[in-house]
Amino acid sequence: MTALETRRKAGAGGLRGRWRVGGLFYAQPNRTELAAILRGVAAGAIVAAVVIALRLSGFLTAGWAIALLLACLVALPSARTFSGRVTLSLSILLGLVPLLWWIPSGFGALGRGTLVLATVLGAVAFVVARGFPSGARRLVPEFTWLDALPIIAAALSVWVHFRLLSVRAYDKALSLLTMNWDNASHFDIFHMQRVYGQVIPLLGASPDGSGWSFKDYPQGFHGIVAIFAELTSSKAAGTAASELVNYANGSALVSVLVVVMVLAALAAVRAFRRRPVIAFPALMLVAAGWIFGPGSSASLHGFPNFFLAVGLASVAIVLATGMDRPLRSAPLLSFVACAVGVAHNWVLLEVLVLGAAGAVLLPWNLRRWRATRAGYLTAAGIGLVGLVGIVPALVQLAGVSTEAVLYGVGGVPIPDLGQLALIIIGSAALALLVFVKSSRLSGGALQRLRWSFAGLAAGFVLAVYMAVAQLTKGGTLTYYSYKLGIALFLAGLVTLCLSLAALLEVSRIRRPSADAQRQEDEIVHSGGLRVAGTITASVLATVAVTQAFGFTFPLAAKGLPPSSPSAVAMAKELAVLKEVPPSVAMLMAATKDREGQPAVYVTTQPTHIDAILAKQWYDGLTATYTEGGWRLSLNMFELSGGVDNLRLVVNKIVKADPSALIIVDPDNQAALNHILATLDD
């Protein structure tokens, strides 16, 4: 039998033949295969059309539309295991889907959310129909007890973010969001996407002709929250009140999904799946840091876009360790989605992704890069998607000065520097230990795990550079150094786990198969007591590490006050929700029926809310956040000294822009009228 006949016989189950031409392989489907593909396409098109029809008719909305989307994403057979599917689907959803807002068409009456849902459900129908009658079996992933970890992490994260996830009243949502400064800016970007149907850089002139604010700010996070808002309601934006609730719910949901994505990526690592008893407490330590520790300092303090960027960068580091075949479509697309998502959220963290990309090349073996002709074309297409996706972010950020980043000011929770040093130095020590123990071992998976520290190392170098520059010029660390410290903390936890996975891989390679079998036999013959003891120890260690970043449980009434960042933030949220703050009531009154009407809102209660922040919330809630309005708000600093400075502030605003409309709280309208009537010449 000739080689060509052998290849044809091997492909007879579903392929007519497989040839090699110029080093490229390709296959031609037979009639049965072609019929299956056509059947799948027809089923997918029908299901997608039904989804679109239901959405246009006002059905298939509310929170369960998002639940249906997420369930169908996990059902798609992008990976064999449950955790692998969660990782791939969520990274693509959170990293690539927000790019739809850069398409200025608006998609007519359909909306982006409808198209995303229809596409995913149509893809599921394609898989089922193409493999009929057993195609539905492909929708069920492999599930082991380690795959329960992302689900547990989801439950814990929902508990931490429950108030934002469940809030339905306008005043309660505004009360929660006004607790942290940056929420005003992030809500404005989201609100503008909902009102105008595209990202701010694509918009035309602003109402005052000065240009829209945040046109140079990354808007990936806001895009996915806007997609969720479309799914829960409709394409058309609602009132500011309803959109604020949508933002509160959606931003919290994104934070939950980020945690699930990171833990699923770690749970899919083969070294951990081989040793789940060791893996479970180690991975729960990561979950504790992301949910209860410094992760909550980002997700609950007005930096959800930053939290998303750290999550995508961390997943890229994990994905790099498992890319045996770099041109495989699903993991390559997921890695590219992470790179694009980081660029559209917090581009400085791209250094972590670039560091991880180096590990993808290991080991350097050309056989790893072989693929069919279709595989090469698909990989090239994915690379093009990544390039096209990153370019808008780079163009958008081109106008941002380096000094604005290096020396920018702002409020951010400072991570525990002792714990941060422990994680970074500990990760470096483990990585060095792995190199020493595996210097003569050359397994591909082990090589990539050994170099998983490269991403964290690149981030550390950037952090040192920023710290030196800031200390040299100003004598103190500033905003971006602290945020980068939080990123290194969270990514360091992930890297620490990957170093542990490398140690497990070293022990597996060094241990002869006969010894491994003998150890397994000893465990089996030692009876259930040893097995039960091992599992119990793993469970106790898992529970113990949940308290690694401070006491978590809300037992303050029992004399046990919580100390973890998440618990402290949750206690503040509960206190705020007991009674609507005066500042919230004033904002609601000031913005009522003023959608699209630029004005300078000057609060007369500066003890309840910062005057500039109040102006930002006015602009965000009315979709009038412009550069001109921002410059006028800088005349309000004197209000921090008390409302007695109202005349001085109003005088400065009028001199800066005589045409500006100034509004105050209703109780002080008479005072404003008197000031305007008696202004200094």
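Treat the numbers as computed from the prediction; the structure is a model and nothing was measured.

Peer 1: I'd like a rundown of the confidence of the model for the protein, residues and numbers included.
Peer 2: Low-pLDDT stretches of the model should not have their predicted coordinates read in fine detail. Mean pLDDT over the protein works out to 88, with 92% of the residues at or above the 70 mark. Note that pLDDT drops below 50 for residues 1-17; the model gives that stretch 18 contacts with residues more than four away or on any other chain. Segment residues 19-26: pLDDT under 50, and 17 contacts once partners within four positions in sequence are set aside and those in other chains are kept.

Peer 1: I'd like a rundown of the packing of aromatic side chains, residues and numbers included.
Peer 2: Evaluated as defined, the whole model comprises 21 aromatic pairs. Their ring planes at 75° and their centres at 6.2 Å tell us that tryptophan 159 and phenylalanine 292 sit as a pair that is edge-to-face. Within this pair, whereas tryptophan 159 is found in helix H6 (residues 148-160), its partner phenylalanine 292 is found in the loop between helix H13 (276-291) and helix H14 (294-299), the two being separated by 133 residues in sequence. On the basis of relative accessible area, phenylalanine 292 is assigned to the buried category, the value being 4%. Three or more aromatic residues joined by ring pairs make a cluster, and in this case those are Phe187, Phe190, Phe221, Tyr247 and Trp617.

Peer 1: Kindly report on helix H18 (residues 373-397), identifying the contributing residues and their values.
Peer 2: For H18, with 25 residues, the first-to-last C-alpha span of 37 Å sits near the 36 Å given by 1.5 Å per residue. Buried within H18 we find Gly375, Ala379, Ile382, Gly386, Gly389, Ala393, Gln396 and Leu397. In the core, the buried residues of H18 are packed alongside helix H16 (329-343).

Peer 1: So what about the pattern of salt bridges? Which residues, and what values?
Peer 2: Within the structure shown, the criterion is met by 12 salt bridges. A salt bridge links lysine 615 to aspartate 619; the nearest nitrogen and oxygen atoms lie 2.7 Å apart. Placement of both lysine 615 and aspartate 619 in helix H28 (residues 611-622) is noted, with a separation of 4 residues, approximately one turn of the helix. On the basis of relative accessibility, which here comes to 1%, the residue lysine 615 falls in the buried class. Close ionic contact of glutamate 638 with lysine 652 constitutes a salt bridge, the shortest N to O distance being 3.0 Å. On the criterion of sequence distance, the pair formed by glutamate 638 in the loop between helix H29 (627-633) and helix H30 (646-656) and lysine 652 in helix H30 is long-range, its members being 14 residues apart. With relative accessibility at 28%, the residue lysine 652 sits in the partly exposed group.

Peer 1: Which residues make up unusual backbone geometry, and what values go with them?
Peer 2: Here the amide bond leading from leucine 362 into proline 363 is cis, since omega sits at -10°, within 30 degrees of zero. In the Ramachandran plot, leucine 60 falls in the positive-phi region, its phi being about 55° despite a non-glycine side chain. Here leucine 60 is to be found in the loop between helix H2 (31-56) and helix H3 (63-75). Unusually for a residue other than glycine, aspartate 593 sits at a positive phi of about 60°. Among the structural elements, aspartate 593 can be located in the loop between helix H27 (582-591) and strand E3 (600-601). By relative accessible area, aspartate 593 is classed as exposed at 67%.

Peer 1: Explain the environment of proline 565 to me, and be specific about the residues and the numbers.
Peer 2: Looking at the element boundaries, proline 565 is found in helix H26 (residues 565-577). Once the C-alpha coordinates of proline 565 and glycine 293 are considered, the two residues, 272 residues apart in sequence, prove to be 5.6 Å apart. In this structure proline 565 touches Phe292, Gly293, Ser296, Ser297 and Phe549, once residues within four positions along its chain are discounted.

Peer 1: Explain the layout of surface pockets to me, and be specific about the residues and the numbers.
Peer 2: Estimated volume of the largest pocket: approximately 1400 Å³. Lining the largest pocket are 42 residues, and of these Tyr217, Ala404, Val409, Tyr479 and Tyr480 sit closest to its centre. Tallied by class, residues from the lining of the largest pocket come to 24 nonpolar, 13 polar and 5 charged.

Peer 1: Tell me what's going on with H30, and back it up with residues and numbers.
Peer 2: For H30, the complete set of buried residues consists of Leu646, Val649, Val650, Asn651 and Ile653. Looking at the packing, one finds that the buried side of H30 touches E3, H29, strand E4 (662-663) and helix H31 (669-677).

Rules used in this analysis
- The numbering scheme is per chain: residues are counted from 1 as the chain's sequence reads.
- Local features in a predicted model are, by the rule used here, given only for residues with pLDDT of at least 70; side-chain atom pairs are given and counted only at 80 or more, and totals for whole chains, interfaces and linings are based on all residues.
- Calculated side-chain values reflect all of the structure's heavy atoms, with hydrogen atoms and water omitted.
- Per-residue confidence from the predictor is given as pLDDT, running between 0 and 100.
- Contacts are assigned to residue pairs with any non-hydrogen atoms lying within 4.5 Å of each other.
- Each pair of aromatic rings taken from Phe, Tyr and Trp, with Trp reduced to its six-membered ring, is defined by centres within 6.5 Å and is described as stacked if the planes are under 30 degrees apart, edge-to-face if over 60, and tilted in the remaining cases.
- To qualify as a helix, a DSSP run of H or I must reach at least 4 residues; to qualify as a strand, a run of E must reach at least 2; elements of each kind are numbered from the N terminus.
- Throughout this description, buried means an accessible area under 20% of the type-specific maximum (1.4 Å probe, protein chains only), exposed means over 50%, and partly exposed covers the range between.
- A helix is expected to span 1.5 Å multiplied by its residue count minus one.
- We count a salt bridge whenever a side-chain nitrogen from Lys or Arg sits within 4 Å of a carboxyl oxygen from Asp or Glu.
- In this analysis, the protein atoms alone were mapped onto a 1 Å grid. Cavities are point sets where a 1.4 Å probe fits without being able to get out; pockets are open sets with protein on both sides within 12 Å along at least five of seven lines; lining residues have an atom within 4 Å of a point.
- Grid points are joined across faces, edges and corners, and a volume is the space filled by probe spheres set on the points.
- Any residue outside Ala, Val, Leu, Ile, Met, Phe, Trp, Tyr, Cys, Pro, Asp, Glu, Lys and Arg is labelled polar, Gly included; the first ten of those are nonpolar and the last four are charged.

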